[in-house]
Amino acid sequence: MNEVITQLGMMKWPFLCLSSLALALILERVWVLSEGFIKLKNSKVLLAQMPLHPEPLQLFIQRCVVQWRKRLALISLIGMLSPLLGLFGTVWGLVVMFREIAHSQQAVTPALLADGLWGAMYSTVVGLAIAIPCIFSHGLCQALAGYMQTELTLFANERVSNMQVQHA
């Protein structure tokens, strides 16, 4: 494992920071969305939290949606930046490899090139390994938040309709 991290060279710290941040954000979003989903499916808990008047009800829905969608853009940003950082690390590794070959007095062999290329390409793999779960999680959380927003809006509309029927 230590050899893998060493192979990343100067890119190990940005990748370590991005992957740690991504993991923390994804776990936090899973926690918040699962809590919201449970409350949404338990209508008694939801009714206790919902205001009676339609205007504050709209604010309640907006607050819930903002809470559910919070930090999703950051997960998406990490998913977009990680492959670019991987590509940067790859290009940097190629530059270093060719510089070393240019200063070398020995013959260039396929094994020497393969070793340098492997090291350079490794950062692309790590960038993609960070990006794929981020992009997947972002899409899944967006879909779940959209579903929950629709369900909450329907529930609120039904509640307002029932209140209007009772007062009529």
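Definitions and limits used
- Residues numbered from 1 in each chain as written.
- Predicted model: local features only at pLDDT ≥ 70, side-chain atom pairs only at ≥ 80, totals over all residues.
- Heavy atoms only, no water.
- Helix = DSSP H or I, 4+ residues; strand = E, 2+ residues; numbered from the N terminus.
- Rg over C-alpha atoms; globule rule 2.2 N^0.38 Å.
- Buried < 20%, exposed > 50% of the residue type's maximum accessible area, 1.4 Å probe, protein only.
- Contact = heavy atoms within 4.5 Å.
- Areas by Shrake-Rupley, 256 points an atom, 1.4 Å probe, with all protein chains shown as cover.
- Lys, Arg positive; Asp, Glu negative; His and termini not counted.
- Charge placed at Lys NZ, Arg CZ, Asp CG, Glu CD.
- Salt bridge = Lys/Arg side-chain N within 4 Å of Asp/Glu carboxyl O.
- Phe/Tyr/Trp six-rings, centres within 6.5 Å; stacked < 30°, edge-to-face > 60°.
- UniProt positions renumbered as here; feature names shortened; annotations may be inferred.
- Patch = residues over 30% accessible without salt bridge, like charges linked within 9 Å, V, L, I, M, F, W, Y side chains within 5 Å.
- Disulfide = S-S within 2.5 Å.

By the naming in an unreviewed UniProt entry, the protein is MotA/TolQ/ExbB proton channel family protein, taken from Pseudoalteromonas citrea.

A. Looking closely at the overall build of the protein. The secondary structure content of the protein amounts to six helices and zero strands. Moving toward the C terminus, one meets the helices and strands of the protein in the order α-α-α-α-α-α. Taking 168 residues into account, the globule formula puts the C-alpha radius of gyration at 15 Å, and the protein, at 25 Å, lies well above it. Reported as C-alpha extents along the three principal axes, the dimensions of the protein are approximately 95 × 20 × 20 Å. Taken across its 168 residues, the protein has 31% of its residues classed as buried. The long-range fraction of contacts in the protein, counting pairs at least 24 apart against all pairs at least 6 apart in sequence, stands at 86%. Element-wise, carbon and sulfur atoms account for 70% of the exposed surface of the protein, whose accessible area totals about 10,800 Å². Side chains of the protein carry 11 positive and 8 negative charges; the gap between the two charge centres is 10 Å.

B. Molecular detail of the pattern of salt bridges. Counted by the stated rule, this structure contains two salt bridges. E28 is paired through a salt bridge with R71; the nearest N and O atoms lie 2.9 Å apart. Of this pair, E28 sits in helix α2 (residues 12-41) while R71 is found in the loop between α4 (54-69) and α5 (72-103), placing the two residues 43 residues apart along the sequence. The exposure class of R71 is partly exposed, given its relative accessible area of 36%. Taken together, the shared-partner salt bridges connect E28, R29 and R71 into one network.

C. Just the environment of M11, in detail. If you trace the backbone, M11 turns up in the loop between α1 (2-7) and α2. We classify M11 as buried; its relative accessible area is 5%. Sequence separation between M11 and L85 is 74 residues, and the spatial gap between their C-alpha atoms is 7.7 Å. Other than its neighbours up to four places away in sequence, M11 contacts L85, F88 and G89.

D. Region of the structure containing the packing of aromatic side chains. The full count for this structure, using the stated rule, is two aromatic pairs. Pairing F37 with Y147 gives two aromatic rings, centres 6.3 Å apart and planes at 35 degrees, and the pair type is tilted. Of this pair, F37 sits in helix α2 while Y147 is found in helix α6 (residues 110-167), placing the two residues 110 residues apart along the sequence. Classification of Y147 by relative accessible area gives partly exposed; the value is 35%.

E. Broad picture of the UniProt feature "domain: MotA/TolQ/ExbB proton channel" (unreviewed entry) in the protein. Under the local residue numbering, the UniProt record ascribes the feature "domain: MotA/TolQ/ExbB proton channel" (unreviewed entry) to residues 60-144. Helix makes up 91% of residues 60-144 and strand 0%, and the two end C-alpha atoms of the span are 18 Å apart.

F. A nonpolar patch on the surface, seen in detail. Taken together, L21, L74, L77, M80, L81, L84, L87, V91 and V95 make up a surface patch of nonpolar side chains, about 770 Å² in accessible area. Of all the elements, α5 adds the most residues to the nonpolar patch, at eight residues. Locating L84 in the fold gives a position in helix α5.

G. Representation of the state of the cysteines. Evaluation of the coordinates by the stated rule reveals zero disulfides. Here C134 stays unpaired: no disulfide links it, and the sulfur of C141, its closest cysteine neighbor, is 11 Å away.

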